[in-house]
Amino acid sequence: MKKWITFISGAALALSVSACSQAEQPESGSEGSTGETSKLMPEEVYANTVEAAGNLESLHADILTNQHMKMQPDGMEIDVTIEARMDLTRMPEAFHHQSETSIVSDDIQNETPVSMEMYYTAEGLYMYEVSLDMWLKLQDEAVGDFKLLADQQSADPAHQLKNLEAFAEEFTLEEDGDDYVLILEASGEEFYPLMVEQLEKSFGQMEIGTPMDSEDMEIRSIRYEYRLDRRSFQVKKLKMDADLDVKIAQDTMSVQSNVEAAYSKYDEISEIVLPDEVIEQAQELE
């Protein structure tokens, strides 16, 4: 049970950035279900968006993740909500992350939200440990795993778009006022490689060495929706919905996930400053 709960709190974030597969694309110039037609091809808008995301220097992200999970064979149901905020800079690479995670289930005595705060700068990665009421400085070898837990990839559109590069021609495109809307809908085997990679990262954090391949997952559906400023091609909002089953040992976890991210303050954050009190109070982990 403890490993399941650890998985839920860690994998919820990993799942929010791990979706890509093949979608049915309408003919060029056709009209979307709710939007207007566009003179640009979807892959052209995607390419311009990748370029814009690659050129950004800093941004702020607000990310809301809601997940419903059902365990088999015991039938335990769990609802997870993660509210995250992050300021991020590219040069130098740095971020300030804050989040609250709520886990609600009739089978778990854990209705108090769990808070997390992290700073990552040239001085290292610092995390506030609520249970100890103190700041901790992490060893360099642990930085990669905790950067994933901080959801840095979801906060940076360039990371997400790079993961979807192989599917650029599978996007559909709509226009909505001053916005472009890029949509990728998917299901099936072509989604497995990226999903496996993301879930194995979560398993590594839990020290669960379960191998995973396409036989361990059933991908029912996945949907990405990027809302873009049609002049700058900067990502304004992201919505992602996923419905899948994951097998771990003899158990199966059914997951319905929804992620909504809003991006702002493009190139307005000049520096991530590590507060003096954090440096002074931090205990270095051995």
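Residues numbered from 1 in each chain as written. Predicted model: local features only at pLDDT ≥ 70, side-chain atom pairs only at ≥ 80, totals over all residues. Heavy atoms only, no water.

A. Representation of the pairing of strand β11 (residues 251-264) in the model. As judged from the 13 bridges shared by strand β1 (residues 58-72) and β11, these two strands associate in the antiparallel manner. When the bridges of β11 are listed, Gln 67 appears paired with Ser 257. Hairpin connection, strand β10 (residues 235-248) to β11: the antiparallel pair is bridged by two residues, and Ala 249 has positive phi, about 55°. (Pairing = 2+ DSSP bridges. Helix = DSSP H or I, 4+ residues; strand = E, 2+ residues; numbered from the N terminus.)

B. Here's a closer look at the pattern of salt bridges. Overall, the coordinates contain nine salt bridges when judged by the stated rule. As a salt-bridge pair, Asp 179 and Lys 236 come within 2.8 Å of each other at their nearest N and O atoms. Separated by 57 residues along the polypeptide, Asp 179 in strand β8 (residues 179-186) and Lys 236 in strand β10 bring together distant segments of the chain. In this structure Lys 236 comes out as partly exposed when scored by relative accessible area, which is 33%. Two residues, Arg 223 and Glu 225, come together in a salt bridge whose shortest N-O distance is 2.9 Å. (Salt bridge = Lys/Arg side-chain N within 4 Å of Asp/Glu carboxyl O. Buried < 20%, exposed > 50% of the residue type's maximum accessible area, 1.4 Å probe, protein only.)

C. Here's a closer look at the side chain of Thr 101. The topology assignment puts Thr 101 in strand β3 (residues 94-104). Looking at Thr 101, the relative accessible area reads 13%, which means it is buried. Not counting residues within four places of it along the chain, the set of residues in contact with Thr 101 comprises Val 80, Thr 81, Ile 82, Thr 112, Pro 113 and Val 114. (Contact = heavy atoms within 4.5 Å.)

D. Spotlight on the sheet that holds strand β2 (residues 77-89). Read from one edge to the other, the open sheet built from twelve strands follows the order β7-β8-β9-β10-β11-β1-β2-β3-β4-β5-β6-β12, with strand pairing classed as mixed. Only two strands of the sheet have a single neighbouring strand rather than two, namely β7 (172-176) and β12 (283-284). Relative to strand β5 (residues 124-129), strand β4 (residues 114-121) runs antiparallel, the two being bridged by five bridges. In the strand pairing of β5, Tyr 119 is matched with Tyr 126. Helix α2 (residues 42-55) contacts β7, β8, β9 (217-229) and β10 of the sheet and is inclined by roughly 110° relative to β8. (Axes fitted to C-alpha atoms, helices over the stretch in contact; angles between N-to-C directions.)

E. Region of the structure containing the nonpolar core. Judged by nonpolar contacts, the single largest core of 57 residues is most densely connected at Leu 182, Tyr 226 and Tyr 263. Considering each element in turn, this core owes the most residues, seven residues, to β10. One finds Ala 94, Tyr 126, Trp 135 and Ala 282 within the second-largest nonpolar core, a separate group that totals nine residues. (Core = buried A, V, L, I, M, F, W, Y, C linked by side-chain atoms within 4.5 Å.)

F. Geometry of the environment of Met 127. By secondary structure assignment, the location of Met 127 is in strand β5. The sequence separation of Met 127 and Leu 138 amounts to eleven residues, and the corresponding C-alpha distance is 7.5 Å.

G. Quick look at the environment of Glu 100. Looking at the element boundaries, Glu 100 is found in strand β3. The class for Glu 100 is partly exposed, based on a relative accessible area of 27%. Spatially, the C-alpha atom of Glu 100 lies 5.4 Å from that of Val 114, the residues being 14 residues apart in sequence. Beyond its immediate stretch of four places on either side in the chain, Glu 100 contacts Thr 81, Ile 82, Glu 83, Arg 85, Val 114 and Ser 115. A polar contact is formed between the side chain of Glu 100 and the side chain of Arg 85, at a distance of 3.1 Å. (Polar contact = N/O pair within 3.5 Å; in protein donor to acceptor, adjacent residues only side chain to side chain.)

H. Quick peek at the packing of aromatic side chains. Evaluation of the coordinates by the stated rule reveals six aromatic pairs. With 5.5 Å between their ring centres and 25° between their planes, Tyr 46 and Phe 171 make a pair best called stacked. Here the residue Tyr 46 occupies a position in helix α2, and Phe 171 occupies one in the loop between α5 (157-163) and β7, the gap between them amounting to 125 residues. A residue is classified by how much of its surface remains accessible, and Phe 171, at 0% relative accessible area, is buried. On the basis of an interplanar angle of 15° and a centroid distance of 5.8 Å, the ring pair of Tyr 180 and Phe 233 is categorised as stacked. One end of the pair, Tyr 180, is in strand β8; the other, Phe 233, is in the loop between β9 and β10, and 53 residues separate them in sequence. Phe 233 carries the same exposure label as Tyr 180, and that label is buried. In this structure an aromatic cluster arises from ring pairing among Tyr 119, Tyr 128 and Trp 135. The side chain of Arg 230 reaches across the aromatic face of Tyr 180, ending 5.1 Å from its centre. (Phe/Tyr/Trp six-rings, centres within 6.5 Å; stacked < 30°, edge-to-face > 60°. Lys NZ or Arg CZ within 6 Å of the ring centre and 35° of its normal.)

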